[in-house]
Each structure stands twice: as C-alpha cells, then as structure tokens.
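Notes for the structure review
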Amino acid sequence: MNVLLMAYGTPYAPEEIEPYYTDIRRGKRPPEDLLHELSERYAAIGKSPLNEITLAQAIRLQALLNLEAPPYPRRLLGPFPPRAPQGPARVYVGTKHWHPTVGEAVAAMHEDGVRRAVAIVAAPHYSLRSVAEYREKVEAALKALPEPIDFAWVESYEAHPGLIAALARRLEEAIWRLKDPAKAAYVFTAHSIPVSAVERGDPYPHQVERTAELIARRLSLPRYSVAYQSAGRTPEPWLGPDINEHLRALREGGFEEVVVQAVGFPADHLEVYYDLDLEAQATAREVGLRLLRARSLNADPDYIQVLKELVEAAWLR
Ligand code: FEC
C-alpha cells in the first residue's frame, strides 16, 4: 500500500519565512509589514514543530500499516515483538507550502514505481480552501508525469468514531483541571476560511460543527460552541466568530473558565502555539477568564490508528 500524507508545512529556518509566505500568497511576495508580523509570530513561539510532527505521523503510520497482529495463540507463544511485517507499505509526506512539497512527493512516488496510492490530508475537515487546494497540487504534479498515479482520496473524516474518541479523551484531560466543569464554557475551534468559500457551498463549517457536536455528546457537555481562529491577513470577510471576540463574549456572559480545543488541526504548530497559547490566552487573561487548552493529537497512537483505518478503507475501495 502507498500513502501520500499531506499537511500544511512550515519554514525550517527564519530565512525561509519569506519564500514560504510567498507560496501561501500564490507567488505574490508579502508586503514588508505582513512579513515582519509573521516573522515576529514565529520568533514568539521559538519554532513551529509542524514538519517534525508530520514526519512522525508518517513514520508511525507506515510502521502501523506494516505490522500484522498474528492470531491470539501465536501472539502468546511467538517471538517478541509479537508481530510480523506484512508490508511493504510506504508513506510519503508532501506539504502544501514548503518542502517536501506535494509535487516533490508525487514525483518521488512515481520514481519509486508507485502507480496506485491513497491521498490523505492531516486535517479532518474538507474545505475548498484546504483539501481542494491539496488536490489541485496533486493533480498539477500528475500532469508532469509520463504515467498516472491512481489516487484514492480520503476527503474528510470529521465524524470518524476513533477521531471523536481521541479528541474527547484530550478534552476530558482538560476538564479534570477545571474548578467547576458544570459552569465552564467549552469551545471548539478550527482555522477560519474566507466567507466567499462558504457562499460557494463549502461544507467546512458543517463538518466542524459535526465534530464539535459528536465530542460534546460523547462527554455530555453541559454546553459548547464553535469559534474560528487564525483568519488570514486579507481584507475580505472571514468566517467567525473569531476566538478572541468569542472569549470576550463568554466573559460578558458570566463564564469564569473555558476549555478550548482546536479540532481542525491534529498537530501543534504556529496557529496553536501563537494564536491560542499566546494570543487567545492573553485575551482570556485580559478579561479575567481562565483558559485551558486541550492538548493536540500530534503523532499519538490513537490518531495514527484513525489514519490507518481511513487509508486501509480507501485502499480497498
Ligand atoms: O506552523 C506553521 O508554520 C503553519 C501553521 C498553519 C496551518 C494552517 C492551516 C490551515 N490554513 C487554512 C487556510 C488558510 C487560508 C489562508 C491561510 C494563510 C496562512 C498564513 C499562515 C498560515 N496560514 Fe493557514 N495555516 C497555517 C499558517 N491559511 C502563516 C499566512 C499568513 C496569515 O494570513 O496568517 C489565506 C491564504 C491566502 O492568502 O490565499 C485560506 C486552513 C487550514 C487547516 C487545514 C490544513 O492544515 O491544511 C483551512 C497548520
């Protein structure tokens, strides 16, 4: 089995921020003030761990796909580790805006003789501004190849029971640290997208709502809401409510504690460490709200198991 695992990508070093940001802006160099602002955000968090986490996800997914649990009796009597390689499954990493790019990954797959593969983005919700753009990049890369690669796509997995269970477990850990869980607010976030995409029928907000609803139901939360974070620095309207405005509204509504869970991002990165841990946390402190963030899934085994189930199902389609 062959898998193309995709994620957003992040610069490895400060001097890579400019070409990275230029790529996000489709080849248009960012104005000096925006470039400066983004560099300051990276400097404030130290470094985004996104590339390392994506690589760890790929390595663990490949290992899991290559392991076969033998039948129970053999497992007890057999050698350690009690599993036999079933492989070879190969997982390639391609990132949307940095290296290895999606195009570089697709070219490497072709060079290795791959002609059929599963494509999956490490983000559970479909958007015209996310998964559709990853797909365009794959399709552009395929045009440059002498033979096609037949990709089976996992387009979204917002309601996967394993994903809901894994997110609920992280949220529960934060709930243990609340003074009064019955009186707290629970907020699920995802990256904002331009409203124009929603007007074109993007299912993204519905999928984000679905994930939130399923986690809330699983944990019997007394209440919950959805807010959007990390809106782009462009003049067009972005999907809201923005997390910072939402935190202010919660405080005005009398809440003293809030748990925030980023359900749109499995991994820690700039938008988690800066937009939530620094910016939203500062807003919460300013208005007198105690904010706890549920930790991310990263490359934890329960999330890798979800990816494994998704790619195996797509491979058999
Ligand atoms: O750690 C890191 O360095 C990377 C963090 C990062 C992730 C991420 C995920 C998503 N984005 C999505 C939508 C948009 C749209 C635009 C946009 C712009 C940026 C910029 C940075 C950035 N995004 Fe992002 N995004 C991350 C980082 N994103 C930096 C540029 C500066 C700024 O505007 O803040 C607007 C692009 C345009 O101008 O055309 C739209 C969505 C996701 C979640 C799905 C995914 O992970 O792919 C949706 C991580």
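The rules behind the values
- Residues numbered from 1 in each chain as written.
- Predicted model: local features only at pLDDT ≥ 70, side-chain atom pairs only at ≥ 80, totals over all residues.
- Heavy atoms only, no water.
- UniProt positions renumbered as here; feature names shortened; annotations may be inferred.
- Pairing = 2+ DSSP bridges.
- Helix = DSSP H or I, 4+ residues; strand = E, 2+ residues; numbered from the N terminus.
- Axes fitted to C-alpha atoms, helices over the stretch in contact; angles between N-to-C directions.
- Parallel < 35°, antiparallel > 145°, perpendicular 65-115°, else oblique.
- Left-handed = near helix turned anticlockwise from the far one by under 90°.
- Contact = heavy atoms within 4.5 Å.
- Core = buried A, V, L, I, M, F, W, Y, C linked by side-chain atoms within 4.5 Å.
- Buried < 20%, exposed > 50% of the residue type's maximum accessible area, 1.4 Å probe, protein only.
- Domains from an automatic or database assignment.
- pLDDT = per-residue confidence, 0-100.

As recorded in an unreviewed UniProt entry, the protein goes by the name Ferrochelatase, listed as coming from Thermus thermamylovorans. On record in UniProt, under Subcellular location (unreviewed entry), the comment for the protein is "Cytoplasm". Under the Sequence similarities (unreviewed entry) heading, UniProt states for the protein: "Belongs to the ferrochelatase family."

With parallel pairing, the four strands of this open sheet are ordered in space as 8-7-9-10. The strands lining the two open edges of the sheet, one partner per strand, are strand 8 (225–229) and strand 10 (290–293). Averaged over all pairs of adjacent strands, the angle between strand axes in this sheet comes to 30°, irrespective of strand direction. Note that strand 7 (residues 185–191) and strand 9 (residues 257–262) share five bridges and pair parallel. In the sheet register, F188 faces strand 9, and the bridge partner there is Q261.

For the rest of this paragraph, the subject is the packing of helix 10 (residues 243–252) against helix 12 (residues 275–287). Helix-helix packing: each pair is described by the crossing angle between the helix axes and the interaxial distance. The contact between helix 10 and helix 12 brings their axes to 9 Å, and the two run at 25°. What the angle tells us is that helix 10 and helix 12 run roughly parallel. For the pair helix 10 and helix 12, the crossing hand works out as right-handed. Where helix 10 approaches helix 12, its residues I243, N244, L247, R248 and R251 are matched on the opposing element by L276, E279, A280, T283, A284, E286 and V287.

The subject of this paragraph is the nonpolar core. One finds L61, I120, Y157, L171, I215, Y303 and L307 to be the most contacted residues of the largest nonpolar core, which totals 53 residues. Shared between two domains, this core takes at least three residues from each, and those domains are domain 1 (2–157 + 301–316) and domain 2 (161–293). Residues in contact with I215, not counting those within four places in the same chain, are I164, L167, A168, L171, F188, Q261 and V263. V102, V114, A123 and Y126 belong to the second-largest nonpolar core, a separate cluster that totals 22 residues.

Let us now look at the confidence of the model for the protein. Caution applies to low-pLDDT parts of the model: their predicted coordinates are not meant to be read in detail. Averaged over all residues, the pLDDT of the protein is 94; the fraction at 70 or higher stands at 94%. Per-residue pLDDT stays below 50 along residues 79–85; that stretch engages in 12 contacts with residues further than four places along the chain or on separate chains. We note a pTM of 0.95 for the whole complex and an ipTM of 0.96 for its interfaces.

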